[in-house]
Amino acid sequence: MEPEVLENYRKAGRILEEVLRDASPRVQVGASLLEMAEFVEDSIRSKGAEPAFPCNISLDRAAAHYTPSPRDTSRFGENMVKLDVGVHVDGYVADAAVTVDLGGHPDLVEASEAALEAALELIGPGVRTGEIGSAIEKAIMGYGYKPVSNLTGHGLQRYEAHAEPAMPNRAMEKGVILKPGDVVAIEPFATNGSGRISEAPTTEIYGFSMQRPVRLPQARVLMKEIAERYKTLPFARRWLKGERVEYALQQLLRAGAVHRYPVLWEVEGALVSQAEATVVILDEGIEIITRQG
Ligand code: MN
Ligand code: MN
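For the structure given in this document, a descriptive report is provided here. All values derive from a computational prediction rather than experimental measurement.

**Some points on the coordination of the manganese ion (ligand 2)**
Okay, so step 1: Each protein donor to the manganese ion (ligand 2) is listed here as Asp-95 (OD), His-154 (NE2), Glu-187 (OE) and Glu-276 (OE); together their distances run 2.1 to 2.2 Å.
Okay, so step 2: Between the manganese ion (ligand 2) and the manganese ion (ligand 1) the interatomic distance comes to 3.1 Å, and Asp-95 is a ligand of both metals. With Asp-95 in strand E4 (residues 92–101) and Glu-276 in the loop between strand E13 (272–274) and strand E14 (277–281), the pair connects residues that are 181 residues apart, well separated along the chain.
Okay, so step 3: You can call Asp-95 buried: its relative accessible area is 2%.

**What about the pairing of strand E7 (residues 160–167)?**
Okay, so step 1: Bridge count between strand E6 (residues 153–157) and E7: three bridges; the pairing is antiparallel. Its bridge partner being in E7, Gly-155 is matched across the sheet by Ala-163.
Okay, so step 2: Hairpin connection of E6 to E7: two residues between the antiparallel strands, including Tyr-159 at a positive phi of 60 degrees.

**Overview of unusual backbone geometry**
Okay, so step 1: Following Glu-164, the chain continues to Pro-165 via a peptide bond in cis, the omega torsion being -5 degrees.
Okay, so step 2: Along the chain, Pro-165 falls in strand E7.
Okay, so step 3: One non-glycine residue, His-65, adopts positive backbone phi at about 80 degrees.
Okay, so step 4: Along the chain, His-65 falls in the loop between strand E2 (62–64) and strand E3 (80–89).
Okay, so step 5: Assessed through its relative accessible area of 17%, His-65 is described here as buried.

**Observations regarding the side chain of Asp-72**
Okay, so step 1: The residue Asp-72 is located in the loop between E2 and E3 in this model.
Okay, so step 2: Although buried, Asp-72 forms no salt bridge, and the nearest oppositely charged side chain, Arg-238, lies 7.1 Å from it.
Okay, so step 3: In terms of polar contacts, Asp-72 uses its side chain to reach the side chain of Ser-74, at 2.3 Å.
Okay, so step 4: Discounting residues that sit within four places of it in the chain, Asp-72 has contacts with Leu-34 and Tyr-66.

**Observations regarding the layout of surface pockets**
Okay, so step 1: For the largest pocket, the calculated volume is near 390 Å³.
Okay, so step 2: Lining the largest pocket we find 23 residues, and of these His-65, Thr-152, His-154, His-162 and Glu-187 sit closest to its centre.
Okay, so step 3: At the level of secondary structure, the elements contributing two or more residues to the lining of the largest pocket comprise strand E1 (50–59), E6, E7 and strand E12 (258–266).
Okay, so step 4: When grouped by side-chain class, the residues that make up the lining of the largest pocket number eleven nonpolar, seven polar and five charged.
Okay, so step 5: Each of domain 1 (3–200 + 263–288) and domain 2 (205–261) accounts for three or more of the residues forming the lining of the largest pocket.
Okay, so step 6: Of the volumes computed, that of the second largest pocket is approximately 330 Å³.
Okay, so step 7: Lining the second largest pocket are 16 residues, and of these Glu-41, Arg-45, Pro-51, Tyr-230 and Trp-239 sit closest to its centre.
Okay, so step 8: Among the elements that line the lining of the second largest pocket, the one with the most residues is helix H2 (residues 33–46), at four residues.
Okay, so step 9: In terms of residue class, the lining of the second largest pocket is built from seven nonpolar, one polar and eight charged.
Okay, so step 10: Shared between two domains, the lining of the second largest pocket holds at least three residues of each, these being domain 1 (3–200 + 263–288) and domain 2 (205–261).

Parameters at a glance
- Residues numbered from 1 in each chain as written.
- Chains lettered and ligands numbered in written order.
- Predicted model: local features only at pLDDT ≥ 70, side-chain atom pairs only at ≥ 80, totals over all residues.
- Heavy atoms only, no water.
- Donors = N, O, S within 2.8 Å, 3.2 Å for Na, K, Ca; no water.
- Helix = DSSP H or I, 4+ residues; strand = E, 2+ residues; numbered from the N terminus.
- Buried < 20%, exposed > 50% of the residue type's maximum accessible area, 1.4 Å probe, protein only.
- Pairing = 2+ DSSP bridges.
- Lys, Arg positive; Asp, Glu negative; His and termini not counted.
- Salt bridge = Lys/Arg side-chain N within 4 Å of Asp/Glu carboxyl O.
- Polar contact = N/O pair within 3.5 Å; in protein donor to acceptor, adjacent residues only side chain to side chain.
- Contact = heavy atoms within 4.5 Å.
- 1 Å grid on protein atoms, 1.4 Å probe; cavity = no way out; pocket = protein on both sides within 12 Å on 5 of 7 lines; lining within 4 Å.
- Points joined across faces, edges and corners; volume = space filled by probe spheres on them.
- Nonpolar A, V, L, I, M, F, W, Y, C, P; charged D, E, K, R; others polar.
- Domains from an automatic or database assignment.

What follows is the structure, given as structure tokens:
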């Protein structure tokens, strides 16, 4: 990996680590979700980087992809809170998450944390992703829980928050062999339910797909802004400003210029915990860029 590229990854990882450390203690019963998301995103910007995607705050059965709506009034209760944060420096993305348990299920949180540790012990150049998935599954099963089998970690590419290779959370025959230069986010999810997630009816996060012809002038303006500002990185409905912006977004969705990232939730309504770190694979060994402190 080019030294300047590695430096950008390190900077993104360092900022993410600081922001998560500052934000986690603010997750308390009664605190506002909207203020939490804005605190995280403003902190990233004030440290000289950009959010790689909206601050995800997913509660209880929701595993991923919730971010507060534009005028969100919700507050934390006795929830299992997944705080999932992305930071990019010049397009180089770091991605990490922690679970803050306000509801009294510490062993479920420990299960995903132990699975992440097991994966980090194993990962390196020449290691097969299926072996890592197997270690994750084994660690979570050891706590008497199930991994969410249809949610995976992923590779990271410049301006791409979800790239190849997929990093499975269960044992699998195939998978790919990791090589120097790969950057991957490992993210085990543990649940006391069935171990499957599906799409919920709510969407607050979107991503640019491609330029498409649209008639509404506000939709054309919005498409240009999104493509320039976020490129192919996800953005929040909350981030969009301007006249008739909701209507313009609907037009872009209909035209295929923008796609949705619906909230993903556990099919049985069971609790889900998550832990995540980003790893750079080097010629020899690895660097966990979201754990430098
Ligand atoms: Mn993440
Ligand atoms: Mn991720």
